[in-house]
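Notes for the structure review
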Amino acid sequence: MLAQLNPKLDMGDMNKIRVAVLLLPGDLSSTWRDLPQGLTVMAATEFFVTTIVGEALAFEPDRWVFIGPPQWSEDQDPQFEAIRVQDIARALAFAADAPWPTIIIDASSVPETGGAPLNALSALIEGRVGAAVVDETVFPSMLAFYHKRRISEDVEISSHLLRFADSSADQGRIDLTGPARVLAWGPHLALSRGRWRLRLRFRIDEDAAGTDFRIEWGSLMTSSLLNAACESPGVYLAEIEHEWSAVDACEARLILTHPAFVGEFVLEGMWIGRA
């Protein structure tokens, strides 16, 4: 491939750090609310400020800054909330995979330097001020697990992030009567490179004793399998791991492997964590 360079291009700009600044939904202090959206070029940094995850990803940043409220505000519509979480999870997965550490800022905080917020961010990124405004605990635990330095336990996945074959499934309660099929699947959160663990807790009743299930866990392209032969009624805990070679969405699939004439399956919990 042969391409002519623009003679006006400053080759020094190619060494600038590209920083995506994602403003998350919620109340922001005036300091962060006044950040100019779009591209701003400074001495050593190119900032791209946006509220849209897709725009931030298209910028292909070297480093990420997330500015969000101290606590996640639950939306009245759980399906809308699930879509928003999945969207922001994509950005967090790519941020965890980036060459530079991610900065997460409490939206109610005020930077030490005062003045223009981009100047404050530049000072923070270049190490000219301390990291007093950086606080990973401002994120809810379901999203914080991309940066495991602050949490040690697996993160429980909300049922709103899952889909069920039985549209009337209540609290993960599924009537097994019917053909072999996928009973539930999700949560379709993007995960960064590395090995990730899925844990499931489920219960079957007496009528479902002797039923065989299969659990698949992985990306949308590759997955690991676990066959679960449940000989007696009761509560079961299943665990399976899979390796991600690149950022990709995750999917767990709970499969009934043979037709069933009777029985009930109850999904009591799903957890994801780094293996």
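The structure this text deals with has already been given above.
Reading the values: the criteria
- Residues numbered from 1 in each chain as written.
- Predicted model: local features only at pLDDT ≥ 70, side-chain atom pairs only at ≥ 80, totals over all residues.
- Heavy atoms only, no water.
- Helix = DSSP H or I, 4+ residues; strand = E, 2+ residues; numbered from the N terminus.
- Buried < 20%, exposed > 50% of the residue type's maximum accessible area, 1.4 Å probe, protein only.
- Polar contact = N/O pair within 3.5 Å; in protein donor to acceptor, adjacent residues only side chain to side chain.
- Contact = heavy atoms within 4.5 Å.
- Core = buried A, V, L, I, M, F, W, Y, C linked by side-chain atoms within 4.5 Å.
- Pairing = 2+ DSSP bridges.
- Salt bridge = Lys/Arg side-chain N within 4 Å of Asp/Glu carboxyl O.

With that settled, the discussion passes to unusual backbone geometry. For residues other than glycine, phi is negative in most cases, and the peptide bonds are mostly trans. Of note, the bond from G186 into P187 is cis; its omega dihedral lies within 30 degrees of zero at 5 degrees. Here P187 shows up in strand 9 (residues 181-191). Residues other than glycine seldom take positive phi values, yet E60 does so here, at roughly 55 degrees. Secondary-structure assignment places E60 in the loop between helix 2 (53-58) and strand 4 (63-68).

Mapped onto the elements of the fold, T50 is located in strand 3 (residues 45-50). Looking at T50, the relative accessible area reads 1%, which means it is buried. A polar side-chain atom of T50 sits 3.0 Å from the main-chain amide nitrogen of I52.

Attention now moves to helix 4 (residues 117-125). With eight of nine residues buried, helix 4 is to be regarded as a mostly interior element. Those residues of helix 4 lying buried are P117, L118, A120, L121, S122, A123, L124 and I125. Those residues of helix 4 hidden inside the fold are in contact with strand 1 (17-23), helix 1 (30-33), strand 2 (38-41), strand 3, strand 4 and strand 5 (103-106).

Ranked by internal contacts, the top residues of the largest apolar core, which has 36 residues, are L198, L200, F213, W217 and F265. Contributions of two or more residues to this core are made by helix 3 (78-96), strand 9, strand 10 (194-204), strand 11 (211-219), strand 12 (223-230), strand 13 (234-244), strand 14 (248-256) and strand 15 (264-274). Ranked by residue count, the leading element in this core is strand 10, at five residues. Residue contacts for F213: discarding those within four places in its chain leaves L176, L183, I204, L226, N227, A228, C230, I255, L256, T257 and F265.

This part covers the sheet that holds strand 9. The strand order across the open sheet formed by five strands is 7-9-14-11-12, and the pairing between neighbours is antiparallel. With partners counted over all chains shown, the strands left at the sheet margins are strand 7 (163-164) and strand 12, one partner each.

Another point: the pattern of salt bridges. Counted under the stated rule, the structure contains 13 salt bridges. Salt-bridge contacts for R90 lead to D87; the nearest nitrogen and oxygen are separated by 2.8 Å. Remark: D87 and R90 occur in helix 3; sequence separation between them is three residues, near one turn of the helix. With relative accessibility at 34%, the residue R90 sits in the partly exposed group. R197 is paired through a salt bridge with D154; the nearest N and O atoms lie 2.8 Å apart. Of this pair, R197 sits in strand 10 while D154 sits in the loop between helix 5 (141-144) and strand 6 (155-156), and the two are 43 residues apart along the sequence. Looking at R197, the relative accessible area reads 16%, which means it is buried. Overall, D154 belongs to the buried group, its relative accessible area being 15%.

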